[in-house]
Amino acid sequence: MPKEKGSISPKETVDVEEAVVPADDEEQSEESNPKPALAHQPSFFTDNRGNLKVVNIVVRRPCTIFTFIIVLCVVLSFLLQVIVFRAAENGNPFTVPENEFDVSDERSIQYDSLRLAQEEVEEARKLKESAGQVTPKQSELADIMYWVFEAQPSNEAGVFGSRESIEAMKDGFDIFLEDTGFRDFCLFDYQQQLGQNATADDRECRAPLSPLTMYYASSWDSEKVAAVIENLKVPGNIEKFNTLALCYVQQLYCDRLEGNIDPTDAAFAMALGANITSITSTWDMKGELVENITQVTELASYLIQVDVFKGFVDFGFDTEFSAENPISKFSRGIIFWGGPMEDSQQGSEEEMEKLEDSEDDIRKDYIKENYLEKMDKQSKKSAHSTIRSYYFMTAIIGDVILNIVTKDATLAIFSFVFVFLWIRLNTRSWFLAFVGLFEIFFSIPVAWFIFTVIFQIKYFATLNSLAIFVVAAIGADDIFIFMDAYKQSQYHVDILCDLETRMSWVYRRTGVAMAITSATTCAAFLCTLITPLTSIQSFGIFAAVVIFIDYVLVMTLFCTAVVIYHNRYENNARFGCCCPCGPVTPSNTEKARLAAEESDGEMKRDRVSEFFRTKVSSFIQVPLHRIVLFVLFATWIGCAIWQATMLEATKENEQFLDENHPLQKSFTILGSEFPTADDDLGLKVYYAWGLSEVDRSGVNRLLDPEYYGTPQYEPWFDFSSECQTAILDLCDDLKTNNKYKDLIKRKNGLGQVYNFVEELAAFSVKGNLDDCDYVRTGGWRNSTWQVEPSNLATVIPEFLKEKSCYSEDGTETISGRYQTEIGWDGTTLKYAAISVESAVLDPFGLDPESLTRREYDQFIAIGKEVDETVSRHCFGSVIVTDLNEKFVFMNNQAIYVQSALQSSILGICIAFAVLLISTRVLHLALFASISITCVLISVVGTMVMLGWQLGSIESILIGIIAGFSVDYVVHLAHAYEIASGDCYDRLNEAFSDLGISVFNGMITSVVASIPLFFCQLQFFAKFGTFLCLTIAFSWVFANFGFMSVLAQLKIPVNPKNKCFSL
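Keep in mind that this is a model prediction, so the values were computed, not measured.

1. Quick word on unusual backbone geometry
Here's step 1: Following glycine 339, the chain continues to proline 340 via a peptide bond in cis, the omega torsion being -5°.
Here's step 2: Phi at arginine 428 is positive, roughly 60°, even though this residue is not glycine.
Here's step 3: One can find arginine 428 in the loop between helix 12 (394-427) and helix 13 (430-454).
Here's step 4: The phi dihedral of glutamate 885 is positive, around 65°, even though this residue is not glycine.
Here's step 5: Along the chain, glutamate 885 turns up in the loop between strand 14 (879-882) and helix 28 (886-919).

Below you can see the structure in the form of structure tokens.
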């Protein structure tokens, strides 16, 4: 095999690393060394010997430059602390992850059209109506505590199948109910009728929302219950009662009954309704456990089919519970916490927030001191033999999440400790290891400073925290590349005349290679800019800046550190420590030259380099081995493609914790095991008139995350008598029409519709809302109830002060209940809206796109019908949206999938372009791009094999695969391109020069990702798996796929015949 001129064969037994010693820090004398032949002509960047001028400065003043860079990094980090962290709200520099959407999408436009208008009118209204208002003590819901129960696998009878199970569930509630101090924190029942001289302190706490109120009723009439059950068992009776109950039990919408009603049927409905009402009136959880628990369960299984009474029982039984299957494997219950703790007069928004925060802290401290230990004991797996208990509460969930984050962060520390130790092992210097770790960590604050202060990008996404793992992997790779090039320089006699020449060679060799990989990786991350989602754009830009700064620091700080290492510590330290620290003569470079000359042109390299040069390269050069590799790769890629085609969008709620974590377990059970109950909070969908689409002029959320546009109002909006009548008719139809039964949540047999016009009509007729029966039964409908637009300015201010007849606790005002629906700004009704609660969607979980889109399309269909009826009376098109970001997140999910595909393809194309420009060899760029494509297919296929579905986390990760997978194949492609000789010679040189560097980079990244597997936060756990898969596949395809193709095709690389010249 021909040998490169000036290089040294690896066969010699002299070990150069034992013959190298440093020279002076600040100046390197040329001594009497002969000058090498010029490899580079003098230019602006090179001196008359062809050495890089910037490297000459580094070699001559390493300590000065090293200190300057260290100080600069520290100063920029300090400025970041002053400018960004101290100015951040509550010291949190991350942008709150809310209102994340495509600002040009129809859903987001509708969302902001109502949201911004509501915020604007509410702020104006508060200035006029807040003075003098008093909120009664513990009248508002301040927090909830959820108990979730699951039958043990051995308990086939379910959670209500035995007295033991029921008593075990009751123990969870008794933690609070048996504590006298709980009265100071509970939600008072303001619907309770008090005596004439009673005070607020005489009120009782609101009973928990739980089926245990049935089992612990204050009285239980077994005969009456048995009679009701027998009535409901009769075929057809439940359907008959459901038809008649709305009129004959609740006295509502009797005019909507079709045909003549048999008096016997009417009497049946009234009698059965009276009996059930009598039975349920004693469900208060104040009695002893009912003797006949089977009868209680049987009654619940029938009541759950009765529209006007199912709200008493449907909350606590699972979806499989029925009269045919009276077994519930799961149950749940809520304990209510109230506020304010004393009668509170309405103040400014800032004052009320301070009061709320103060009370939250008091409540949280009381819970932790008095209840938390008992709650933990109750929720232990071994606490009860028949059930498992889980809990969560808003007041303490923050501490739980913080504890999880802290533990996960501790796991991440192990990753960086390993990176540090592996750098130390390969550099054989504690000094270089510490400098390497410093360079990796300080890439983050320096990049952050540039990102926020220089670029003025204010949106800093929580996703950006992943950049620390990105730079840890890529930064370690660059350190290995640079250090291995420095070690390899001792084998080239012609560059060992002095340190300036030697470091110029190292700088050129590594600078170009790392510039190519860094540029490719940066460009791949910048592909995220094609997504309209600001958080992903922010992450892509920040990751690209971090990679660029890491490259700069490696080429400056670490390069300078290597010079210092050469001058002071190389082969002069004890056990790798940084002492003695004095410079030695002759220099390491001089001793390396002497050793090389004495070795007669052949020297011994390190074992790993020799392994890649002699073993791996030789393995690739055997045709039979390449055939086997081809078959294996083809088989695997075929399987991976097959699996990747099976990837589909998630159909379940997305989890943010490990599925076995108690908190995630409770969320999963709540989201999948229970039907939407009457007492569940459904997603509110709004239909608003009087609004135009929001003005998005000047919106750029990267630069101004708080600005979403300006709300626009329809100038022709007219809340006329005809408009009011049309809105009321629409709401009556939405409440009673059975075609909306599966779309709009039902409560007590009626659709959940928030319609302020109904209460405004009663107020217009009576002048108050004191008689709620009159309001609910529609006694006002026979009068002229419409309010003339000219009278709104006098009617609405008084109307807003009234207590709503539909308030759950009897304390909620019209202003509070309809704060979004009534667009009153204190002087003008800017818009009017109604809202309905979804029977399927809730405001909390992250539902699958398919499910949300199905419901969304039905609500939009109603909106189109409304435009043809109501809108022509109120003027202007209707705005249809929710305010919990469900519909915009649905669109985000589609964007995630689209962006993942687009970013991946674009990343591969950019990698091809960069490789083609840098190597100027078409087939190298093409084969390297195919290798990256194989990595992409392999990772996606493995994700499917692991049971992953395409959610938001997976989509983001797929989108950045190209950014992670380019390094190894690009390094090897560049090393192959700059080598000399035929194909096999180039393979040998590429593996010899970069095999160990690429291997070390792979080891650090893969091992560093392993601790992330054990994170409770699913994003980090999945990111760890993703990182491990991407790096492992990248290394395998680069070393054995890409290099095998080059060895098989043996396409020559002729410098004179490259596809183009730079």
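2. Quick word on the confidence of the model for the protein chain
Here's step 1: For the protein chain, mean pLDDT is 85; residues scoring 70 or higher make up 91% of the total.
Here's step 2: This stretch, residues 1-38, has a pLDDT under 50; its non-local contacts, to residues over four places away or in other chains, come to 125 contacts.

3. Here we look at the packing of helix 29 (residues 922-945) against helix 32 (residues 967-978)
Here's step 1: Orientation of helix 29 relative to helix 32, taken along the N-to-C sense of each, is 160°, at an axis distance of 10 Å. Accordingly, the angle class assigned to the pair helix 29 and helix 32 is roughly antiparallel. With respect to the hand of their crossing, helix 29 and helix 32 are arranged in right-handed fashion. Across the interface between the two elements, Leu924, Ala928, Ser931 and Ile932 of helix 29 pack against Val969, Ala973, Tyr976 and Glu977 of helix 32.
Here's step 2: A breakdown of the residues in the contact of helix 29 with helix 32 according to their chemical character gives 6 nonpolar, 1 polar and 1 charged.

4. Some remarks on the pattern of salt bridges
One side chain can pair with another of opposite charge once the charged atoms of both are near each other.
Here's step 1: A complete count under the given rule lists 33 salt bridges for this structure.
Here's step 2: For the salt bridge of glutamate 204 with lysine 286, the shortest nitrogen-to-oxygen distance reads 2.6 Å. With glutamate 204 in the loop between helix 4 (163-177) and helix 5 (212-215) and lysine 286 in the loop between helix 8 (263-280) and helix 9 (293-303), this residue pair connects regions lying 82 residues apart in the sequence.
Here's step 3: Owing to a relative accessible area of 36%, glutamate 204 belongs among the partly exposed residues under this scheme.
Here's step 4: Given the relative accessible area of 54%, lysine 286 is considered exposed.
Here's step 5: One salt bridge connects aspartate 680 with arginine 332, and the closest N-O pair in it is separated by 2.8 Å. Note that aspartate 680 is positioned in the loop between helix 20 (662-672) and strand 6 (684-689) and arginine 332 in strand 3 (residues 330-339), a separation of 348 residues in sequence. Taken individually, aspartate 680 and arginine 332 each receive the classification buried, so the pair is uniform in this respect.

5. Thoughts on the environment of lysine 665
Here's step 1: In this structure, lysine 665 sits in helix 20.
Here's step 2: Classification of lysine 665 as partly exposed rests on a relative accessible area of 26%.
Here's step 3: For the pair lysine 665 and lysine 170, spaced 495 residues apart in sequence, the C-alpha separation works out to 20 Å.
Here's step 4: Filtering out sequence-adjacent residues up to four positions away, lysine 665 remains in contact with Glu150, Tyr390 and Glu659.

6. Focus on the packing of helix 19 (residues 623-644) against helix 29
How two helices sit against one another is set out by the angle between their axes and by the gap between those axes.
Here's step 1: It is the contact of helix 19 with helix 29, at a shortest axis distance of 8 Å, that shows an interaxial angle of 60°. One way to sum up the angle between helix 19 and helix 29 is to call them oblique. For helix 19 against helix 29, the interelement crossing comes out left-handed. Taken together, the residues of helix 29 that come into contact with helix 19 (itself represented by Trp636, Ile637, Cys639, Ala640, Ile641, Gln643 and Ala644) are Cys934, Ile937, Ser938, Val940, Gly941, Thr942, Val944 and Met945.
Here's step 2: Its residues assigned to classes, the contact of helix 19 with helix 29 comprises 11 nonpolar, 4 polar and no charged.

7. Describing the state of the cysteines
Here's step 1: According to the stated counting rule, one finds 4 disulfides in the structure shown.
Here's step 2: Two residues share a disulfide in this structure: cysteine 723 and cysteine 874, whose sulfurs sit 1.8 Å from each other. The chirality of the disulfide connecting cysteine 723 with cysteine 874 is right-handed, given an S-S dihedral of about 90°. Taken together, the positions of cysteine 723 in helix 21 (residues 721-736) and cysteine 874 in helix 27 (residues 871-874) put the pair 151 residues apart, joining distant regions of the chain.
Here's step 3: Accessibility expressed as a relative area gives 0% for cysteine 723, which makes it buried.
Here's step 4: Between the sulfur atoms of cysteine 772 and its disulfide mate cysteine 805 the distance is 2.2 Å. On the sign convention where negative means left-handed, the S-S torsion of about -80° between cysteine 772 and cysteine 805 marks this disulfide as left-handed. Pair noted here: cysteine 772 is in helix 23 (residues 772-777) and cysteine 805 is in the loop between helix 24 (792-801) and helix 25 (814-817), with a separation of 33 residues, a long-range link.
Here's step 5: Judged by relative accessible area, cysteine 772 falls into the partly exposed class, the value being 22%.
Here's step 6: With a relative accessible area of 2%, cysteine 805 lands in the buried category.
Here's step 7: Sequence-ordered numbering of the bonded cysteines in the protein chain gives a pairing of 1-2, 3-4, 5-8, 6-7.

8. Here we look at the sheet that holds strand 2 (residues 140-151)
Here's step 1: Strand order in the open sheet formed by 3 strands is 3-2-5, with antiparallel pairing between adjacent strands. At either margin of the open sheet sits one strand with a lone partner, and together these are strand 3 and strand 5 (387-393). Averaged over all pairs of adjacent strands, the angle between strand axes in this sheet comes to 20°, irrespective of strand direction.
Here's step 2: Against the sheet, helix 4 contacts strand 2, strand 3 and strand 5, and its axis sits at roughly 155° relative to strand 2.
Here's step 3: Relative to strand 5, helix 12 is tilted by about 95°, and along the sheet it contacts strand 2 and strand 5.

9. Looking at helix 9
Here's step 1: Most of helix 9 sits inside the fold, with 9 of its 11 residues counted as buried.
Here's step 2: Summarising the contacts, the buried residues of helix 9 are in contact with helix 4, helix 5, helix 6 (222-233), helix 7 (237-248) and helix 8.

10. Some words on the side chain of serine 504
Here's step 1: Take serine 504: it is sitting in helix 15 (residues 499-526).
Here's step 2: If near-sequence neighbours (up to four positions away) are discounted, serine 504 is found in contact with Asn51, Leu52, Val55 and Asn56.

11. Description of the environment of valine 74
Here's step 1: Position of valine 74 among the secondary structure elements: in helix 2 (residues 62-85).
Here's step 2: Owing to a relative accessible area of 43%, valine 74 belongs among the partly exposed residues under this scheme.
Here's step 3: In this structure the C-alpha to C-alpha distance between valine 74 and valine 446, which are 372 residues apart in sequence, comes to 8.7 Å.

12. Observations concerning helix 24
Here's step 1: Among all positions of helix 24, only Leu792, Val795, Ile796, Phe799 and Leu800 are buried. Down the axis of helix 24, the buried set is contained in an arc of 120°. They therefore lie on one face. Along helix 24, the residues that are exposed and aim more than 90 degrees away from the buried face are Thr794 and Lys801.

13. Some remarks on the packing of aromatic side chains
Here's step 1: Scanning the model with the defined rule gives 58 aromatic pairs in all.
Here's step 2: Plain terms: the ring middles of phenylalanine 94 and tryptophan 448 are 6.1 Å apart, the flat faces sit at 50° to each other, and that makes the pair tilted. Residue phenylalanine 94 is located in the loop between helix 2 and helix 3 (106-129), and its partner tryptophan 448 is located in helix 13; the two are separated by 354 residues in the primary sequence.
Here's step 3: Under the relative-accessibility criterion, phenylalanine 94 is labelled partly exposed at 26%.
Here's step 4: Of the aromatic side chains, those joined through ring pairs into one cluster are Phe85, Phe94, Trp448, Phe451, Phe460 and Phe542.
Here's step 5: Above the plane of the ring of phenylalanine 315 lies arginine 332, whose end atom (NZ or CZ) is 3.9 Å from the centre.
Here's step 6: In this structure, lysine 830 packs its charged tip against the face of tyrosine 713, placed 4.6 Å from the ring centre.

What counts and how
- Residues numbered from 1 in each chain as written.
- Predicted model: local features only at pLDDT ≥ 70, side-chain atom pairs only at ≥ 80, totals over all residues.
- Heavy atoms only, no water.
- Helix = DSSP H or I, 4+ residues; strand = E, 2+ residues; numbered from the N terminus.
- pLDDT = per-residue confidence, 0-100.
- Contact = heavy atoms within 4.5 Å.
- Axes fitted to C-alpha atoms, helices over the stretch in contact; angles between N-to-C directions.
- Parallel < 35°, antiparallel > 145°, perpendicular 65-115°, else oblique.
- Left-handed = near helix turned anticlockwise from the far one by under 90°.
- Nonpolar A, V, L, I, M, F, W, Y, C, P; charged D, E, K, R; others polar.
- Salt bridge = Lys/Arg side-chain N within 4 Å of Asp/Glu carboxyl O.
- Buried < 20%, exposed > 50% of the residue type's maximum accessible area, 1.4 Å probe, protein only.
- Disulfide = S-S within 2.5 Å.
- Pairing = 2+ DSSP bridges.
- Arc of directions from axis to C-beta.
- Phe/Tyr/Trp six-rings, centres within 6.5 Å; stacked < 30°, edge-to-face > 60°.
- Lys NZ or Arg CZ within 6 Å of the ring centre and 35° of its normal.

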